[in-house]
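# Survey of secondary and tertiary structure
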Amino acid sequence: MSRTIMLIPTGTNVGLTGVSLGVIRAMERQGVKLSVFKPVAQPRAGGDTPDQTTSIIRANSTISTAEPLKMSHVESLLSSNQQDVLMEQVVALYAENTKDADVILVEGIVPTNGYPFANQLNFDIAKTLGAEIIFVMSMGRDSAEQLKERIEIARSNFGGTKNEKIIGVLVNKVNAPIDEQGLARPDIAEIYHTPTFDGKKVTIEDLRKVSPLPVLGCIPWNIDLSASRAIDIAKHLNAKIVNEGAIKSRRIKHVSFCARNIPNMLSHLQANALLVTSADRADILVSASLSVMNGVEIGAILLTGGYEIDPGVKKLCQQAFDTGLPVFTVDTNTWQTSINLQNFNLEVPVDDHERIEEVQNFMADNIDSAWVKSLTEVVSSARRLSPPAFRYQLTELARKAGKTIVLPEGDEPRTIKAAMICAERGIAKCILLGNPDEVRRVATSQGVTLGAGIEIMDPEQVREKYVPRLVELRKNKGMTDVIAREQLADNVVLGTMMLENGDVDGLVSGAVHTTANTIRPPLQIIKTAPNSSLVSSVFFMLMPEQVYIYGDCAINPDPNAQELAEIAIQSADTAIAFGIEPRVAMISYSTGNSGQGADVEKVKEATRIAQEKRPDLMIDGPLQYDAAVMPDVAKSKAPNSQVAGKATVFIFPDLNTGNTTYKAVQRSADLVSIGPMLQGMRKPVNDLSRGALVDDIVYTIALTAIQATQQ
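Residues numbered from 1 in each chain as written. Predicted model: local features only at pLDDT ≥ 70, side-chain atom pairs only at ≥ 80, totals over all residues. Heavy atoms only, no water.

The protein chain goes by Phosphate acetyltransferase in an unreviewed UniProt entry, where it is assigned to Zophobihabitans entericus. Comment text from UniProt for the protein chain, heading Pathway (unreviewed entry), reads "Metabolic intermediate biosynthesis; acetyl-CoA biosynthesis; acetyl-CoA from acetate: step 2/2." Under the heading Subcellular location (unreviewed entry), UniProt records this for the protein chain: "Cytoplasm". (UniProt positions renumbered as here; feature names shortened; annotations may be inferred.)

## A word on the environment of I204
Within the fold, I204 resides in helix 8 (residues 204–210). The spatial distance from the C-alpha of I204 to the C-alpha of A144 is 9.7 Å, given a sequence separation of 60 residues. Residues in contact with I204, not counting those within four places in the same chain, are V215 and C218. (Helix = DSSP H or I, 4+ residues; strand = E, 2+ residues; numbered from the N terminus. Contact = heavy atoms within 4.5 Å.)

## Remarks on the pairing of strand 19 (residues 536–542)
In terms of burial, strand 19 is a largely internal element, 7 of the 7 residues being buried. Residues S536, V538, F540 and L542 point to one face of strand 19 and S537, F539 and M541 to the other, with burial holding for every one of them. Strand direction decides the pairing type here: strand 19 and strand 24 (residues 672–679), joined by 6 bridges, are antiparallel. By the bridge assignment, S537 is partnered in strand 24 with L678. Counted between consecutive antiparallel strands, the loop separating strand 19 from strand 20 (residues 547–551) contains 4 residues. (Buried < 20%, exposed > 50% of the residue type's maximum accessible area, 1.4 Å probe, protein only. Pairing = 2+ DSSP bridges.)

## Overview of helix 2 (residues 52–60)
Turning to helix 2, its buried residues are Q52, T53, T54, S55, I56 and I57. For helix 2, the secondary structure elements touched by its buried residues are helix 1 (16–29), strand 2 (34–37), strand 3 (64–65), strand 4 (103–107) and helix 14 (353–365). Structurally, the start of helix 2 carries an N-cap: the backbone nitrogen of T53 is 3.3 Å from a side-chain oxygen of D51. (Polar contact = N/O pair within 3.5 Å; in protein donor to acceptor, adjacent residues only side chain to side chain.)

## As for the packing of helix 4 (residues 83–97) against helix 5 (residues 118–129)
Each pair of packed helices can be described by the angle between their axes along with the distance between the axes. Two elements in contact, helix 4 and helix 5, have axes whose closest approach is 10 Å; the angle formed by their N-to-C orientations is 55°. Considering their axes alone, helix 4 and helix 5 lie oblique with respect to each other. The two elements helix 4 and helix 5 meet at a crossing, and its hand is right-handed. On helix 5, the residues touching Q83, L86, M87, V90, V91 and Y94 of helix 4 are L121, D124, I125, T128 and L129. Its residues assigned to classes, the contact of helix 4 with helix 5 comprises 8 nonpolar, 2 polar and 1 charged. (Axes fitted to C-alpha atoms, helices over the stretch in contact; angles between N-to-C directions. Parallel < 35°, antiparallel > 145°, perpendicular 65-115°, else oblique. Left-handed = near helix turned anticlockwise from the far one by under 90°. Nonpolar A, V, L, I, M, F, W, Y, C, P; charged D, E, K, R; others polar.)

## Description of unusual backbone geometry
Going from G551 to D552, the amide bond is cis rather than trans, its omega being -15°. Note that D552 resides in the loop between strand 20 and helix 24 (561–577). Note the cis peptide between G621 and P622, where omega equals -5°. With respect to the helices, strands and loops of the structure, P622 is situated in strand 22 (residues 618–623). Of note, the phi angle at N81 is positive, near 60°, even though the residue is not glycine. Here N81 shows up in the loop between helix 3 (71–79) and helix 4. Phi is positive for K173, which is not a glycine, with a value near 60°. Here K173 is to be found in strand 6 (residues 166–174).

## Structural notes on the state of the cysteines
Inspection of every chain in the model, using the stated rule, returns 0 disulfides. Of all cysteine sulfurs, the one in C317 lies closest to C258, which takes part in no disulfide; the gap is 13 Å. Owing to a relative accessible area of 5%, C258 belongs among the buried residues under this scheme. Overall, C317 belongs to the buried group, its relative accessible area being 1%. (Disulfide = S-S within 2.5 Å.)

## Some details on the packing of helix 11 (residues 282–293) against helix 12 (residues 311–321)
Packing of helix 11 against helix 12 brings their axes to within 8 Å, and their N-to-C directions diverge by 25°. Comparing their axes, helix 12 and helix 11 come out roughly parallel. Handedness of the helix 11/helix 12 crossing: left-handed. Taken together, the residues of helix 12 that come into contact with helix 11 (itself represented by A282, L285, V286, S289, V292 and M293) are V313, L316, C317, Q319, A320 and F321. Here the residues of the contact of helix 11 with helix 12 sort into 10 nonpolar, 2 polar and no charged.

## Considerations on the sheet that holds strand 14 (residues 327–329)
Taken in spatial order, the 5 strands make up an open sheet running 9-14-13-12-11, and their pairing is mixed. In this open sheet, the two edge strands, each paired with only one partner strand, are strand 9 (240–243) and strand 11 (254–257). On average, each strand axis in the sheet is inclined to that of its neighbour by 25°, with strand direction left out of account. Sheet topology note: the strand 13 (residues 300–304)/strand 14 ladder contains 3 bridges and is parallel. Residue pairing across strands places I301 opposite V327, the latter belonging to strand 14.

Pasting the structure below:
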């Protein structure tokens, strides 16, 4: 039976949308199948514009969401004393949109001066739906003891201690800097004047000691979650774009008004800064451009006063503009512009997918995982491993592994950022191969601090150590000291030798190097594991509702039946290792005995061999792709198959079919794929796409660390 959880805000400015997104992500990580129900839309600007939470979920996930009732409609029913009609409509929407969920998450409305009926309406909805209630609060100026009193008051408004449906409280914005009104209200001033907290830090233990309700989450203040895109600030100011650059992706974390002379402004020329200056300040423009050309990724430049940039100055700065530096201009003077910036709303836009992802993960990290797990203990329906659950599982398993991963592309910006994230999350210790001065310069230009958990290793200082071993390993191929030194000048070869020698646990490369450059040295030096006769690969395909495994889409051009069987077994074992129940479909252009030909016979034989070797696995084939993945097709084409219609591992007959299919699915469905991950090697090596995002590198490092534990 499904459970209904209702998040009820106890006041304004509690960060309800962010908390809701965090609870959703925490549930996704545990594989909870949920739907989200916002009974009444409550747009920030009032009126009947789209509701923020519902809009964000629809734009950034495939979670089922009901269409909220319009606030004007609700007010009309309440004012005409038709509360029963309103509750009937709420129940109808609820029943229509929440049939297949294990948990239905309901978001209440915020009590404001404009909606004084909010508390009573939230209570009525909770009772009508039989929902368990969780209060959402912010700390404000309160001490832990004062917060206790507010919790008691909130509970008294919803039936008091007799209401057993009140199960806990989520406290947001803990240890936030507070303004004169007692609000932790994010505004643009808090970006460029980094706030400090002068009081005693409150911990979740402090809250749990005094709270009359279980504290299910204690979410600390984090100003970085308010870092907006340059394009959003430009739109707010109705600015004219002078140089578009990377205006849609650059983040603003600092705002500096450049009114002083250059020596006093140098410290403000930093990564992610919005520089506000008059357009006739050529010295500021030139200095900022020089800083950009030296690798500092300034967020954007905002020109005030409505002046045009002098053509000569613009030409002088053009090379910096061409790096992606956004520049936009407004007609107002600097003072008026600063006032307009104060009115900028830092609420996350619906289309800011990256920031929404950060908000969700940060919030989820601070929500009690034991409580979330308890939600799954009372539901019995089968669960699929969703992409958020898979990514969360990767990072958790990697933390437990505690491995060291070498990154041969140590001075590559995305790789450096990924190493920092891995260190901060405890995913793995990363070794960056590269000139230490260059690595630190790139890190500084990207606003990255390289601390504990990251080691910078100078290849010039360690190459000689591996010359004798490389000669020994490759002497039958004519390897000499001279040739060994030449090959070790390639950081991928050097990293491979570190792995072979046991100095590191895994290797990740490919952000700059080709797949061949990354894989060839390990194939020559590391070679296959004792029980493997070949190396193959898989991609983790993060479908909207679950994760599939595709193999082999990167290594073996035309495997024979014996090799195809081994690829199937390797891929099934990979599925088990990463928490995916393996139901292996051997893909062909025909299902069962419906087709004939050499290609079909190869798949039939491979299926027989794999089933014979591993009778503990569910392996079936040949299966057409639609029969493998669609239950209705499976009923007609393979009614007796344990795999058809619910396959999780797809084994393609050759590289042409596999690679084409994976790319077609990835691009057509606009989904994330992680890989290729190599299977069958003695030690783990994994390749990246040269277009890899920072998160792609982080998760590849994580799965490499997990592989190292398995091996």
